[in-house]
Amino acid sequence: MIKSFMHSSLRIFAGILLFVLASSFSIINPPKKTTEPKNTGTQHPNFFRNKNITDGPYIFYENNKVVVKWIKGEHLIKKTLSGDNTKYLRKKFGLNVPIENIKNPISGPINFVQQYKNIDNVVVISDVHGQFDLFTSLLKDHKVINANLDWIFETGHLVVLGDIFDRGPKVTELLWLVYQLEQQAEKAGGKVHFILGNHELMVLNNDLRYINEKYIHSSHKMNMVYTQLFAENTFFGQWLRSKPVMVTINDLLFVHAGISDEFLSAGLTIEKTNQIFYEKIIGKSWDLILNDSISTFMLSENGPLWHRGYFKEIISDNEISNILSYFDSNYLIIGHTSMPNIMSLKSGKIIIVDSGIKEGIYGEILIYKKNEFFRGTSNGMVLKLEPQAGY
Ligand code: ZN
């Protein structure tokens, strides 16, 4: 029921989006698009270097054993990790993940509060949708990672604002890279925030309408549906379930889609919202979700993973101020709605980071430095983010 509702809502939103895109093209000058995606495939010496491997690795916890599965050509390969031996992950995939982390992807209690203060440098990327090459080239160009794809952003924070999943062909690579960067950043005193988007939710909750054909093939080879590769008995499944939907860094509020008036009326905190998604929604059955009114609301068009209310002319400065003061923030940073470039709306109070990376051709990252915002382009330029007139 709710799925078909979301489906029809998506179509309506797509219509609104096309309208917004059409009108925004007339008032802004997006940077010149490159005609070809950057071919950075040969520059990953330590990461997924085995070209015969078409997908994986996926890690399953089966009968007290750690089982690694991947697809090589047309074949499924399956290995049980014995003792402390992670050589398959190192040799075949260049993944340097200690066995303790492979066995326990989440260390310590889950942080629902998600409040970070006094952070000087933040980079934000959103709606990557399987476009690993554009993701890595943007982060390399703007000195978040080096040519080996290792973290060089020191104590900076990288926010991945949802929707790694669906559409594109390199979702697994992205998940491993984000996991690895998370570990490296932590050691350097920095942080990676992977905030869940509606496409993470869809895959974990068995709505597979948008998965790339490659993943239909992989899951078929494993004799599973794609959702089962992210079930609770898997590495990715446990790791993804620990992720928040809302985060604040300094006076910046991050959420994948947006905050509605209805959300404010529900009187929820960030902590409570993250807890509800963790306990009642992500990877849970539709029966459970639909029997709970707050979970059902969270997945409606007014919920934080779907809301698209900021393009309506009727939304007043007052409403924006209400949202921001409710969360004690000055800026709302969102993805979810593709624009030709990163845009700053409503006198600079709302920043939309989804710059169409999903097409795999051009994209931007948001750079926050010394309380100022910049657009980092995939041509390597850094441009000051100016509020969009008329929005
Ligand atoms: Zn989205």
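None of these values were measured; they are calculated from a predicted model.

Draft legend 1. Examining the coordination of the zinc ion more closely. Only Asp163 (OD), Asn198 (OD1), His256 (NE2) and His336 (ND1) from the protein coordinate the zinc ion, and they sit 2.1 to 2.2 Å from it. Donor residues binding the zinc ion come from one chain and are separated in sequence as D-x34-N-x57-H-x79-H. Placement of the pair is Asp163 in the loop between strand 6 (157-160) and helix 5 (171-188) and Asn198 in helix 6 (residues 198-204), with a sequence separation of 35 residues. Taking the relative accessible area as the measure of exposure, Asp163 reaches 2% and is therefore buried. Owing to a relative accessible area of 1%, Asn198 belongs among the buried residues under this scheme.

Draft legend 2. Focus on the nonpolar core. In this structure, Leu175, Tyr226, Phe230 and Ile259 are the most contacted members of the largest nonpolar core, which totals 97 residues. For this core, the leading source of residues is helix 5, giving nine residues. When residues no more than four places from it in sequence are discounted, the contact partners of Tyr226 are Tyr58, Phe165, Val171, Val203, Leu208, Ile211, Tyr215 and Ser219. Of all hydrophobic cores here, the second largest spans 19 residues; its members include Val159, Val247, Ile249 and Ile333.

Draft legend 3. Focus on the sheet that holds strand 12 (residues 350-352). Spatially, the six strands line up as an open sheet ordered 4-8-9-10-12-11, and their pairing is mixed. Either end of the sheet is taken by a strand with one partner, and the two such strands are strand 4 (115-116) and strand 11 (343-345). Two elements, strand 4 and strand 8 (residues 246-249), share two bridges in a ladder whose sense is parallel. Residue pairing across strands places Tyr116 opposite Ile249, the latter belonging to strand 8.

Draft legend 4. Looking closely at the packing of helix 4 (residues 132-141) against helix 5. Between helix 4 and helix 5, whose axes approach to 10 Å, the crossing angle comes to 30°. Taken together, the axes of helix 4 and helix 5 are roughly parallel relative to one another. At the point where helix 4 passes helix 5, the crossing takes the left-handed sense. Facing Phe132, Phe135, Thr136 and Leu139 of helix 4, the residues of helix 5 in contact are Glu173, Leu174, Leu177, Val178 and Leu181.

Draft legend 5. Molecular detail of the environment of Val113. Positionally, Val113 belongs in the loop between helix 3 (99-103) and strand 4. Non-local contacts of Val113, meaning those with residues more than four positions away in its chain, are made with Ile270 and Glu271.

Draft legend 6. Fine view of the packing of aromatic side chains. Counted according to the given criterion, the structure contains 21 aromatic pairs. Ring geometry for Tyr58 versus Phe236: centroids 6.1 Å apart, planes at 85°, classification edge-to-face. Of this pair, Tyr58 sits in strand 1 (residues 53-62) while Phe236 is found in helix 8 (residues 235-241), placing the two residues 178 residues apart along the sequence. Owing to a relative accessible area of 1%, Tyr58 belongs among the buried residues under this scheme. For Phe236, a relative accessible area of 2% corresponds to the buried category. Here the aromatic rings of Trp70 and Phe93 are separated by 5.4 Å at their centres, their planes lie at 85°, and the arrangement is edge-to-face. One end of the pair, Trp70, is in strand 2 (residues 65-72); the other, Phe93, is in helix 2 (residues 87-93), with 23 residues separating them in the sequence.

Draft legend 7. Expanded view of the pattern of salt bridges. Within the structure shown, the criterion is met by ten salt bridges. Residues Glu74 and Lys221 are paired through a salt bridge, measuring 3.6 Å at the closest nitrogen-oxygen approach. Of this pair, Glu74 sits in the loop between strand 2 and strand 3 (75-81) while Lys221 sits in helix 7 (residues 213-221); the two residues are 147 residues apart in sequence, bridging distant segments of the chain. By relative accessible area, which is 29% here, Lys221 ends up partly exposed. Of the charged contacts in the structure, one is a salt bridge between Lys214 and Glu173, with a shortest N-O distance of 4.0 Å. Linking Lys214 in helix 7 with Glu173 in helix 5, this pair joins segments that are 41 residues apart in sequence. Exposure remark for Lys214: the relative accessible area of 23% places this residue in the partly exposed category. Looking at Glu173, the relative accessible area reads 11%, which means it is buried.

Draft legend 8. Spatial organisation of helix 5. Between the first and last C-alpha of helix 5 there are 26 Å, a value that for 18 residues agrees with the 26 Å anticipated at 1.5 Å per step. Taking burial as the measure, the 18 residues of helix 5 include 13 buried ones, the bulk of the element. One or two positions beyond helix 5, positive phi appears at Gly189, with a value near 90°.

Draft legend 9. Geometry of the pairing of strand 7 (residues 191-194). Here strand 7 shows no split at all, with Lys191 and His193 on one side and Val192 and Phe194 on the other all buried. Two elements, strand 6 and strand 7, share four bridges in a ladder whose sense is parallel. Its bridge partner being in strand 7, His157 is matched across the sheet by Lys191. Crossover strand 6 to strand 7 through helix 5 is right-handed.

Draft legend 10. Quick peek at the side chain of His199. Residue placement: His199 occurs in helix 6. Within polar-contact distance, the side chain of His199 engages the side chain of Asp166 at 2.6 Å. With sequence-adjacent residues up to four places away left out, His199 is seen in contact with His129, Asp163, Phe165, Asp166, Arg167 and Tyr210.

Scoring rules and cut-offs
Residues numbered from 1 in each chain as written. Predicted model: local features only at pLDDT ≥ 70, side-chain atom pairs only at ≥ 80, totals over all residues. Heavy atoms only, no water. Donors = N, O, S within 2.8 Å, 3.2 Å for Na, K, Ca; no water. Helix = DSSP H or I, 4+ residues; strand = E, 2+ residues; numbered from the N terminus. Buried < 20%, exposed > 50% of the residue type's maximum accessible area, 1.4 Å probe, protein only. Core = buried A, V, L, I, M, F, W, Y, C linked by side-chain atoms within 4.5 Å. Contact = heavy atoms within 4.5 Å. Pairing = 2+ DSSP bridges. Axes fitted to C-alpha atoms, helices over the stretch in contact; angles between N-to-C directions. Parallel < 35°, antiparallel > 145°, perpendicular 65-115°, else oblique. Left-handed = near helix turned anticlockwise from the far one by under 90°. Phe/Tyr/Trp six-rings, centres within 6.5 Å; stacked < 30°, edge-to-face > 60°. Salt bridge = Lys/Arg side-chain N within 4 Å of Asp/Glu carboxyl O. Expected span 1.5 Å × (residues − 1). Right-handed = clockwise from strand over helix to strand, strands pointing away. Polar contact = N/O pair within 3.5 Å; in protein donor to acceptor, adjacent residues only side chain to side chain.

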